[in-house]
Amino acid sequence: DKFKDGLTKTRDSFTTKVNDLIAKYRKVDEEFFEELEEILISADVGVETVMELIEELEMEVKRRNIQDTEEVKEVISEKLVEIYYGEDDEETVEALNIQKDGLSVILIVGVNGVGKTTTIGKLAYQLKQEGKNVVLAAGDTFRAGAIDQLDVWGERAGVDVIKHNEGSDPAAVIYDGIQAARSRGADVLLCDTAGRLQNKVNLMKELSKVRKVIEREIPEAPHETLLVLDATTGQNAISQAKTFKEATDVSGIVLTKLDGTARGGIVLAIRNEMNIPVKYVGLGEQITDLQPFNAHQFVYGLFG
Ligand code: GDP
C-alpha cells in the first residue's frame, strides 16, 4: 500500500493512459503497440527498454494468440516484472548485503540535492527498527552544512554520528567511523560521501581513497555501495548513474522522490540499461518513507 500511495502520480498518468488505450482499441494491432510504445517512453521507461519490452510483448501476444486488448494488460504487467529481474534471482537482486556477524559497511554516494542525507537517515531508522545497531560516518566534509544535516537525521533515527570538522579528510572520518562502530559492537556503518560531480577526477580520487581505508580495515568491505538518484530528474539520473559507475563500483541504487514524479518508469530503465538493481525507493520526506524495492509490488502498485 505504501507503494500504491507513493506512486499516485505515475499511476494517474501512466495507468490512465494504458487504460484509455485499451478502451480505444478493441484489437491488438500494430497501431496499438505504437501507442503503447509512446506511453512507455513518456513514463521514462527508456527507449532501449521500451523496444525490448514491445518486442517481448508482441511475441507473447502472438504465442498466446491474444486478440482482446483487455487481456494484454495482464501480459504487460508480467513483462514489466520479467524485464526488471532478467535472468537473475529476485532475492539476490533485492536484498541488501548485510553480514550476519560482524560489521557491514555501506557507502552512500550521489550528487548534492538528490536526497542522500535524508536517505541515510531513513535507512538508519529502518535498520534500527530491524534490531540492528547502526552508526553513521559524516564523510561529506566538502559541502557546507552537510555534517550538521546528517547530525539532525542521526538524532531523528536515534543513532550515533561520527564526525570531524568541515574540510577535513573524508577517509579519516570513515576510518574513525569504523573504529567507533567496532568499539560499539555495531552491525552497520553507513558512510556519507561528498557528491561533487563537477570534477570527476576529484570524485574518483576521493572515493577510491575512502574505499582503500575501508578495505584495509575490512577486506570484503564496503559490503554495498548505494548510489542515490533523484527520480524527478529523469534521464539525467541515468547519466549520473553512468558517471558514478565509471568512478566507482556501485552495487545498488536508491531512487528518491518517486512520489514526486509521473515518470516512475525510470526504475525499469535504470535496472535494465545500467544493470544495477534498485534496492530502495524514496516515497516521501518522512523518516518512514523508504521502501525496499520489489518489482512485483511496484507493477501491482501501478496496475492493481
Ligand atoms: P542531499 O543534498 O542529497 O543530502 O539531499 P537532502 O537529503 O537534503 O534532500 C533534498 C530534498 O529532497 C529535501 O527537501 C528532502 O526532504 C527531499 N527528499 C528526499 N527524499 C525524498 C523523497 O523520497 N520524496 C520526496 N518527496 N522528497 C524527498
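Rules of the game
- Residues numbered from 1 in each chain as written.
- Predicted model: local features only at pLDDT ≥ 70, side-chain atom pairs only at ≥ 80, totals over all residues.
- Heavy atoms only, no water.
- UniProt positions renumbered as here; feature names shortened; annotations may be inferred.
- Helix = DSSP H or I, 4+ residues; strand = E, 2+ residues; numbered from the N terminus.
- 1 Å grid on protein atoms, 1.4 Å probe; cavity = no way out; pocket = protein on both sides within 12 Å on 5 of 7 lines; lining within 4 Å.
- Points joined across faces, edges and corners; volume = space filled by probe spheres on them.
- Nonpolar A, V, L, I, M, F, W, Y, C, P; charged D, E, K, R; others polar.
- Buried < 20%, exposed > 50% of the residue type's maximum accessible area, 1.4 Å probe, protein only.
- Near = heavy atom within 4 Å.
- Polar contact = N/O pair within 3.5 Å; in protein donor to acceptor, adjacent residues only side chain to side chain.
- Areas by Shrake-Rupley, 256 points an atom, 1.4 Å probe, with all protein chains shown as cover.
- Expected span 1.5 Å × (residues − 1).
- Patch = residues over 30% accessible without salt bridge, like charges linked within 9 Å, V, L, I, M, F, W, Y side chains within 5 Å.
- Salt bridge = Lys/Arg side-chain N within 4 Å of Asp/Glu carboxyl O.
- Lys, Arg positive; Asp, Glu negative; His and termini not counted.
- Charge placed at Lys NZ, Arg CZ, Asp CG, Glu CD.

You'll find the chain entered in an unreviewed UniProt entry as Signal recognition particle receptor FtsY, with Alkalibacillus filiformis given as the organism. The record held by UniProt for the chain lists under Catalytic activity (unreviewed entry) the comment "GTP + H2O = GDP + phosphate + H(+)". Note on the chain: under the UniProt heading Function (unreviewed entry), the record states "Involved in targeting and insertion of nascent membrane proteins into the cytoplasmic membrane. Acts as a receptor for the complex formed by the signal recognition particle (SRP) and the ribosome-nascent chain (RNC)."

Undergrad: I'd like a description of the UniProt feature "domain: SRP54-type proteins GTP-binding" (unreviewed entry) in the chain, backed by residues and values.
TA: Sites flagged by UniProt as "domain: SRP54-type proteins GTP-binding" (unreviewed entry) map to residues 277-290. Between the first and last C-alpha atoms of residues 277-290 the distance is 16 Å; the span itself is 0% helix and 43% strand.

Undergrad: Just give me the short version of empty space enclosed by the protein, but keep the residues and values in it.
TA: Going through the model one piece at a time under the given rule, you end up with one cavity of 30 Å³ or more. Its volume calculated, the largest cavity comes out at about 50 Å³. As for the largest cavity, its lining consists of T10, F14, L40, A43, V45, L80, G264, G265, L268, F298, V299 and L302. Along the lines of polarity and charge, the residues of the lining of the largest cavity split into nine nonpolar, three polar and no charged.

Undergrad: Give a detailed account of unusual backbone geometry, specifying residues and quantitative values.
TA: Of the consecutive residues A221 and P222, the connecting peptide bond is found in the cis state with omega at -5°. Mapped onto the elements, P222 comes out in the loop between α10 (200-217) and β5 (224-230). With a phi angle near 70°, D44 is a residue other than glycine that sits in the positive phi range. Assignment of secondary structure puts D44 in the loop between α3 (30-42) and α4 (47-63). In this structure D44 comes out as buried when scored by relative accessible area, which is 5%. Of note, N275 is a non-glycine position whose phi angle comes to about 55°, a positive value. Tracing the sequence through the fold places N275 in the loop between α12 (266-274) and β7 (278-282). For N275, a relative accessible area of 54% puts it in the exposed group.

Undergrad: Summarise the site of the ligand; cite the residues concerned and give the values.
TA: Around the ligand there are 17 residues in total, and G113, T117, T118, Q149 and E285 lie nearest to it. In this structure, G115 approaches the ligand through a main-chain N or O atom, which is 2.9 Å from an oxygen atom. Between T118 and the ligand, the recorded distance is 2.5 Å, taken from a side-chain N or O atom to an oxygen atom. Considering the ligand on its own, with 580 Å² of exposed area, one finds that the protein chains cover 79% of that surface. Ranked by residues supplied to the shell around the ligand, first place goes to helix α7 (residues 116-129) with four residues. Tallied by class, residues from the shell around the ligand come to three nonpolar, eight polar and six charged.

Undergrad: An account of helix α5 (residues 69-85) is requested, with residue identities and associated values reported.
TA: Given 3.6 residues per turn, any residue in an α-helix points the same way as the ones three and four places further on. The first and last C-alpha atoms of α5 sit 25 Å apart over 17 residues, in line with the 24 Å expected at 1.5 Å per residue. Where burial is concerned, most of α5 is hidden: 12 out of the 17 residues are buried. T69, V72, K73, V75, I76, S77, K79, L80, V81, I83, Y84 and Y85 are the residues of α5 that are buried. Once α5 finishes, G86 follows within two positions and takes phi at roughly 60°, a positive value.

Undergrad: Any chance you could break down a negative patch on the surface for me, citing the residues and the numbers?
TA: Where like charges cluster on the molecular surface, the negative patch consists of E30, E31, E34, E38, E48, E52, E55 and E58. Broken down by secondary-structure element, the contributors of at least two residues to the negative patch are α3 and α4. Along the polypeptide, E38 turns up in helix α3.

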